[in-house]
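Coordinate analysis (summary)
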Amino acid sequence: MHPFNYYAPETIEEATEILKKYGDRAKCLAGGTDVLVQARGEKFELDAIVDVKKIPQLTKLEWTDSHLIIGAATPCHVLYEDPKVCEVFPGIIDSAFLIGGIQIQSRASLGGNLCNASPSADAICSLIVHETTCEIAGPKGTREIPVEDMCTGPGKNALESGEFLVSLKMPLKKGKFSASYERFIPRNEMDIAVAAVASSLELSNGKVSSCRVALAAVGPTPIFAKEASELLVGKEPTDENIKKVSEKAKDIASPIADMRGTVEHRKDLIEVLTRRTISKALERVGG
Amino acid sequence: MAENKVKKVAVNTKINGEEMDILVDPYVSLLETLREVVGITGTKEGCNDGNCGACTVNLDGRIVDSCLVLGVEVEGKNIETVEGMATPDGLHPLQQAFLEEAALQCGICTPGFLVSAKALLDNEPDPSEERIRHWLAGNLCRCTGYDKIVKAVSKASKESK
Ligand SMILES: Cc1cc2nc3c(=O)[nH]c(=O)nc-3n(C[C@H](O)[C@H](O)[C@H](O)COP(=O)(O)OP(=O)(O)OC[C@H]3O[C@@H](n4cnc5c(N)ncnc54)[C@H](O)[C@@H]3O)c2cc1C
Ligand code: FES
Ligand code: FES
């Protein structure tokens, strides 16, 4: 491995300085479960690694009146061991519980999963259907972007030089809301999704007032299937209506064929998983 | 690109109850630090990329793959490795059960399984078989087969009650 220096800044300003100074010769370190593997695999050379876990905002879990704010470097186990997060953000929990085994979950963060921007990443679709906003800090101050705009290509994200992700902000829904995430893998644990879907919906007076569907491993980035989601809004969540959403999601999926699945297989999986995750979200809201 | 100058970093940490000061290169893993700097070699390297769990250690009460932690990250932390399991009075019940159930062949995976299983039993004294299998999914064994390992963990949990 190319020798790099280690920095563990305690403030956002300090972290920004170091990241700016090193430019693309530096990377953030959250749980390290992607970045250390990649650095060792000599996918890139680093002169500095910036451990962001000592910055208080990066590991906090804060409930406000309107949002849950998750520090970008908070490890998965903190989320699924928190009963309130489990109750309010079931889609996020489905993802956090699926990423790697227990050892990986001790370290892996949602922020790392997102910034790593793998098309098959298990947390990104759940973040999308929970309407997450990314809080970003950088040399020019702070800014926010919707999570669906974060991934720009395989392994590429929207962060500019010197910028890093501070936290993930998810709205607390007033109505009957739930979500679900499911992936298809050939094994039971510890594998990469062949296709995966997250869905969320909100019900009021028996009708769907909002819906989001997001697809993983069927495009260069996780996909917010907006046109599919919209088909359910204002409608009753009947089998027939859900079927229309699933078929649209299948259309939107644009997978490649590789050793883990053909195009057709992946598209079929998207249809099935969309149906299943919407049904599961519905079951969870008690609709 | 000019050569990147890196300096060794002084790290104060506690390993199996013993506080120590060590000097580590900032890019070196905790696994390598334990084996090459501290000189305790119970923790094994299998894959060096987070897949096999042979390098599992307990870091502040949670199991981690030490190949995916930097040595410099353990400043002020508490590390437990397989070397910390047996006491002068004898083997840990898990180690005893692994022997009795023949839950190892080549033994490369064993320290990782022991450290993982201990973390489970420390928090959940009587896990179901399903729970044990799920907990150990991050530990791979290429020779013994998982049934014997799961049986040994189950036996140790019953015996320590
Ligand atoms: C054995 C194994 C199994 C795995 N299984 C799964 C799985 O089932 N599903 C899955 O989706 N993934 C899986 N992964 C991949 C990985 O664990 C996840 O993507 C994880 O969420 C990454 O989080 P991290 O905190 O470890 O990120 P890191 O490795 O610390 O960082 C990942 C990337 O994001 C950048 N980064 C991190 N934090 C920030 C920040 N705050 N701001 C800007 N950039 C940042 C880093 O520089 C790096 O480029 C697995 C990995 C391993 C080794
Ligand atoms: S050596 Fe660390 S997980 Fe295999
Ligand atoms: S005993 Fe050889 S790998 Fe498990």
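Residues numbered from 1 in each chain as written. Chains lettered and ligands numbered in written order. Predicted model: local features only at pLDDT ≥ 70, side-chain atom pairs only at ≥ 80, totals over all residues. Heavy atoms only, no water.

What follows covers the overall build of chain B. From N to C terminus, chain B includes five helices and five strands. Secondary structure elements in chain B, listed N-terminal to C-terminal, are β-β-α-β-β-β-α-α-α-α. For 161 residues, the compact-globule estimate of 2.2 N^0.38 gives 15 Å, and the C-alpha radius of gyration of chain B, at 16 Å, lies within 12% of that figure. Along the first, second and third principal axes, the C-alpha atoms of chain B reach 55 × 35 × 25 Å. For chain B, buried positions account for 52% of its 161 residues. Restricting the contact set of chain B to residue pairs at least 6 apart, pairs at least 24 apart contribute 54%. Summed over all atoms, the accessible surface of chain B reaches about 7700 Å², with 48% contributed by carbon and sulfur. One finds the centroid of the 17 positive side-chain charges in chain B at a distance of 3 Å from the centroid of its 25 negative side-chain charges. (Helix = DSSP H or I, 4+ residues; strand = E, 2+ residues; numbered from the N terminus. Rg over C-alpha atoms; globule rule 2.2 N^0.38 Å. Buried < 20%, exposed > 50% of the residue type's maximum accessible area, 1.4 Å probe, protein only. Contact = heavy atoms within 4.5 Å. Areas by Shrake-Rupley, 256 points an atom, 1.4 Å probe, with all protein chains shown as cover. Lys, Arg positive; Asp, Glu negative; His and termini not counted. Charge placed at Lys NZ, Arg CZ, Asp CG, Glu CD.)

It is worth spelling out the packing of aromatic side chains at this point. Residues and elements named next belong to chain A. A complete count under the given rule lists five aromatic pairs over all chains for this structure. Summarising the aromatic geometry, the rings of Tyr-80 and Phe-97 are spaced 4.9 Å apart at their centres and angled 90 degrees between planes, so their arrangement reads as edge-to-face. Placement of Tyr-80 in helix 3 (residues 76–80) and of Phe-97 in helix 5 (residues 90–98) is noted, with a sequence separation of 17 residues between them. Positioned over the ring face of Phe-224 is Arg-212, at 4.3 Å from the centre of the ring. (Phe/Tyr/Trp six-rings, centres within 6.5 Å; stacked < 30°, edge-to-face > 60°. Lys NZ or Arg CZ within 6 Å of the ring centre and 35° of its normal.)

With that settled, consider the side chain of A:Asp47. Counting through the fold element by element, A:Asp47 comes out in the loop between helix 2 (35–40) and strand 3 (48–51). On the basis of relative accessible area, A:Asp47 is assigned to the buried category, the value being 4%.

Residue and element names in this part refer to chain A. Taken together, the side chains of Glu-10, Glu-13, Glu-14 and Glu-17 present a region of like negative charge at the surface. Within the element layout of this structure, Glu-14 appears in helix 1 (residues 12–22). A residue is classified by how much of its surface remains accessible, and Glu-14, at 37% relative accessible area, is partly exposed. (Patch = residues over 30% accessible without salt bridge, like charges linked within 9 Å, V, L, I, M, F, W, Y side chains within 5 Å. Salt bridge = Lys/Arg side-chain N within 4 Å of Asp/Glu carboxyl O.)

Residue and element names in this part refer to chain B. Neither face of strand 3 (residues 56–59) is exposed, since Thr-56 and Asn-58 on one face and Val-57 and Leu-59 on the opposite face are all buried. In the sheet, strand 3 pairs with strand 4 (residues 62–65) via four bridges, with the strands oriented antiparallel. Within strand 4, the residue paired with Asn-58 across the bridge is Ile-63. For strand 3 and strand 5 (residues 78–80), the ladder comprises two bridges, and the chain directions are antiparallel. Looking at the pairing, Leu-59 lines up with Ile-79 of strand 5. (Pairing = 2+ DSSP bridges.)

Before going further, it helps to examine the interface of chain A and chain B. The partner chain B presents 30 residues to the 30 residues of chain A that form the contact. Around 2600 Å² of area is buried between chain A and chain B when both sides are counted, 58% of it from carbon and sulfur atoms. Contact with chain B buries area across many residues of chain A, yet A:Arg40, A:Ile102 and A:Gln103 alone supply 27% of it, more than any other trio. The tally of links between chain A and chain B comes to three salt bridges. The residue B:Glu73 makes a salt bridge to A:Lys53 at a minimum N-O spacing of 2.8 Å. Those elements that provide at least two residues to the side of chain A that touches chain B are strand 1 (5–7), helix 2, strand 3, helix 3 and helix 6 (102–105) of chain A. (Buried area = accessible area lost by both parts, 1.4 Å probe.)

A word on helix 3 (residues 110–123) of chain B. Residues and elements named next belong to chain B. Compared with an ideal rise of 1.5 Å per residue, which puts 14 residues at 20 Å, helix 3 spans 20 Å between its outermost C-alpha atoms and is within 8% of the ideal. Within helix 3, 12 of the 14 residues are buried, which leaves it mostly tucked inside the rest of the structure. Of all the residues in helix 3, the buried ones are Thr-110, Pro-111, Gly-112, Phe-113, Leu-114, Val-115, Ser-116, Ala-117, Lys-118, Ala-119, Leu-120 and Leu-121. (Expected span 1.5 Å × (residues − 1).)

Turning our eyes to something else, we now look at the nonpolar core. Here is a general trend for soluble globular proteins: nonpolar side chains tend to be buried in one another's company. Among the nonpolar cores identified, the biggest contains 110 residues, and A:Ile49, A:Leu114, A:Cys134, A:Phe164, B:Leu94 and B:Phe98 are the most heavily contacted of them. The greatest single-element share of this core, amounting to seven residues, is contributed by helix 3 of chain B. Judged by nonpolar contacts, the second largest core, of 25 residues, contains A:Val194, A:Val213, A:Val218 and A:Leu269. (Core = buried A, V, L, I, M, F, W, Y, C linked by side-chain atoms within 4.5 Å.)

The next subject is the packing of helix 2 (residues 93–100) of chain B against helix 5 (residues 146–159) of chain B. Residue and element names in this part refer to chain B. Interaxial distance between helix 2 and helix 5 falls to 8 Å at its minimum, and their mutual angle equals 135 degrees. As summarised for this structure, helix 2 and helix 5 are arranged oblique, according to the angle between their axes. Here the hand of the crossing between helix 2 and helix 5 comes out right-handed. Of the residues in helix 5, those touching helix 2 at Pro-93, Leu-94, Ala-97, Phe-98 and Glu-100 are Ile-149, Ala-152, Val-153, Lys-155 and Ala-156. Taken together, the residues of the contact of helix 2 with helix 5 break down into eight nonpolar, no polar and two charged. (Axes fitted to C-alpha atoms, helices over the stretch in contact; angles between N-to-C directions. Parallel < 35°, antiparallel > 145°, perpendicular 65-115°, else oblique. Left-handed = near helix turned anticlockwise from the far one by under 90°. Nonpolar A, V, L, I, M, F, W, Y, C, P; charged D, E, K, R; others polar.)

The accessible area lost on association of the parts is a frequent measure of interface size. Residue and element names in this part refer to chain B. Segmenting chain B into domains produces domain 1 (7–84) and domain 2 (93–159). Distance from the C-alpha centre of domain 1 to the C-alpha centre of domain 2: 21 Å. With both sides pooled, the region where domain 1 packs onto domain 2 buries about 1000 Å², and carbon together with sulfur makes up 61% of that total. At the boundary of domain 1 with domain 2, the tally comes to one salt bridge. (Domains from an automatic or database assignment.)

Looking now at the domain arrangement of chain A. All names here are of chain A. The domain architecture assigned to chain A consists of domain 1 (5–171) and domain 2 (176–285). The straight-line distance from the C-alpha centre of domain 1 to that of domain 2 is 24 Å. Contacts between the two partners involve 24 residues from domain 1, matched on the other side by 25 residues from domain 2. Between domain 1 and domain 2 lies a buried interface of about 2000 Å² when both sides are counted; carbon and sulfur atoms form 64% of it. By the criterion of area lost to domain 2, the three top residues of domain 1 are Pro-119, Cys-125 and Val-129, representing 28% of everything that side buries. At the boundary of domain 1 with domain 2, the tally comes to three salt bridges. Among the secondary structure elements, those contributing two or more residues to the side of domain 1 that touches domain 2 are helix 5, helix 8 (124–129) and strand 8 (151–153). Across the side of domain 1 that touches domain 2, the residue classes break down as 10 nonpolar, 10 polar and four charged.

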